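What follows is each chain in one-letter form.
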Amino acid sequence: MGRLSEIAPGVLVATSSFALTTTTVVTGPGGGCLLIDPGVTVAEVAELAGELAARSLVPVVGWATHPHWDHVLWGRDLGTAPRYAAPAAVHIAETERPGMVEGMENSAPGHDLELFGRLVALDALAIPWDGPAAELIVHDAHAPGHGAVFLPETGVLVTGDMCSDVEIPLLDTEAEDAFGDYRTGLARLAAVSGVRQVVPGHGHVGDAAELRRRLAADSGYLDALALRQPFDDPRITADWMRDAHARHLEHVQR
Ligand SMILES: [Zn+2]
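Keep in mind the model is a prediction, meaning the values are calculated, not measured.

*Asks:* I tried to follow the overall build of the protein on my own but got confused; where do I start?
*Replies:* Across its full length, the protein carries 6 helices and 12 strands. Relative to a compact globule of 254 residues, whose C-alpha radius of gyration would be 18 Å, the protein shows 17 Å and is just as compact. Principal-axis analysis of the C-alpha atoms gives the protein an extent of 55 × 40 × 35 Å. Out of the 254 residues in the protein, the part that is buried amounts to 55%. Taking all contacts inside the protein whose residues are at least 6 apart in sequence as the whole, residues at least 24 apart take part in 62%. Just so you have it, the protein exposes about 10,900 Å², and 53% of that area is on carbon and sulfur atoms. Taking the 17 positively charged and 35 negatively charged side chains of the protein as two groups, their mean positions are separated by 3 Å.

Right, dumping it as structure tokens:
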């Protein structure tokens, strides 16, 4: 059995050994598929390509939710489909490439640099393909040009690095208004109607009630942060997240 599991008709999700990172596959007509954030290790990307081939699926379009190294991966076996991202995300992938390459080499080394982070800017309301409608919700929370994907036919919302059950909100503290950007992103996601399942970039798939719970938890985290006092969030379990939380507190205390 492979890693891909079907969470809704024609929507498959695989979860990586690295940070519970999710890959989403949406099947279209004639065996074409939309591939969102394939990852993470070289072996896992190769395994994903093998699984798609075994299911007679061929990626015809890719989407990178945001310009962080673990969301802009690809493998030669996945073919040569265009890999889109929001314009602001592509800009970051180009200008901050050295740091992204370093992040990848530190945590999931060996990816082909010719394919790593090679994205095409797409300024559109939906991903152009002949499969199920894939609407884009682009905002700047967590990273510039962060693009969630909503599949209205199945009610699946692929949120990128938002709405996780295992991670606190991770602010883009280099942004001018990291707080405002994050609140805007949460509001945009909360405004999507007809969500039946949420697929976070890291963590577990949840239902509509779980999405509401996560949106509330993330807003609550930001509210507590805004009070500028140390506090605990049950999702802070790893050292790197404790560090991120400390950075957030520093950011609000400035
Ligand atoms: Zn990220």
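Having seen the structure, we can now continue with the description.
*Asks:* Help me understand the sheet that holds strand β11 (residues 197-200), please; the structure alone is not making it clear to me.
*Replies:* Within a beta sheet, neighbouring strands are joined by backbone hydrogen bonds and run either parallel or antiparallel to one another. Sheet architecture is open: 5 strands sit in the order β8-β9-β10-β11-β12, paired in mixed fashion. Both edges of this open sheet fall to β8 (135-139) and β12 (206-207), since each of them pairs with a single strand only. Relative to strand β9 (residues 146-151), β8 is paired through 5 bridges, and the arrangement is antiparallel. When the bridges of β9 are listed, Glu-135 appears paired with Phe-150. Where helix α4 (residues 178-190) meets the sheet, it contacts β8, β9 and β10 (156-160), and its direction lies at approximately 160° from that of β8.

*Asks:* So what exactly am I meant to see when it comes to the coordination of the zinc ion here?
*Replies:* Metal coordination angles in their ideal form are 109.5 degrees for the four-donor tetrahedron and 90 or 180 degrees for the six-donor octahedron. For the zinc ion, every protein donor is listed as His-66 (NE2), His-68 (ND1), His-142 (NE2) and Asp-161 (OD), and the spread of their distances is 2.1 to 2.2 Å. Given 4 donor atoms and angles of 89 to 175° at the metal, the environment of the zinc ion is assigned as irregular. All donors of the zinc ion belong to a single chain; written as a sequence motif, their spacing is H-x1-H-x73-H-x18-D. Here His-142 is found in the loop between β8 and β9, whereas its partner Asp-161 is found in the loop between β10 and α4, with 19 residues between them in sequence. Each member of the pair His-142 and Asp-161 is classed as buried.

*Asks:* Is there a simple way to think about helix α3 (residues 97-107) in this case?
*Replies:* Think of an α-helix as turning once every 3.6 residues; residues three or four places apart then point the same way. Among the residues of α3, Arg-97, Met-100, Val-101, Gly-103 and Met-104 are the ones counted as buried. On an axial view of α3, the arc spanned by its buried residues comes to 160°, and they lie on one face. Residues of α3 that are exposed and point more than 90 degrees away from the buried face comprise Pro-98, Glu-102 and Asn-106. Tucked inside the fold, the buried residues of α3 contact α2 (87-95).

Calculation notes
Residues numbered from 1 in each chain as written. Predicted model: local features only at pLDDT ≥ 70, side-chain atom pairs only at ≥ 80, totals over all residues. Heavy atoms only, no water. Helix = DSSP H or I, 4+ residues; strand = E, 2+ residues; numbered from the N terminus. Rg over C-alpha atoms; globule rule 2.2 N^0.38 Å. Buried < 20%, exposed > 50% of the residue type's maximum accessible area, 1.4 Å probe, protein only. Contact = heavy atoms within 4.5 Å. Areas by Shrake-Rupley, 256 points an atom, 1.4 Å probe, with all protein chains shown as cover. Lys, Arg positive; Asp, Glu negative; His and termini not counted. Charge placed at Lys NZ, Arg CZ, Asp CG, Glu CD. Pairing = 2+ DSSP bridges. Axes fitted to C-alpha atoms, helices over the stretch in contact; angles between N-to-C directions. Donors = N, O, S within 2.8 Å, 3.2 Å for Na, K, Ca; no water. Tetrahedral: all angles 85-135°; square planar, octahedral: opposite > 155°, others 65-115°. Arc of directions from axis to C-beta.

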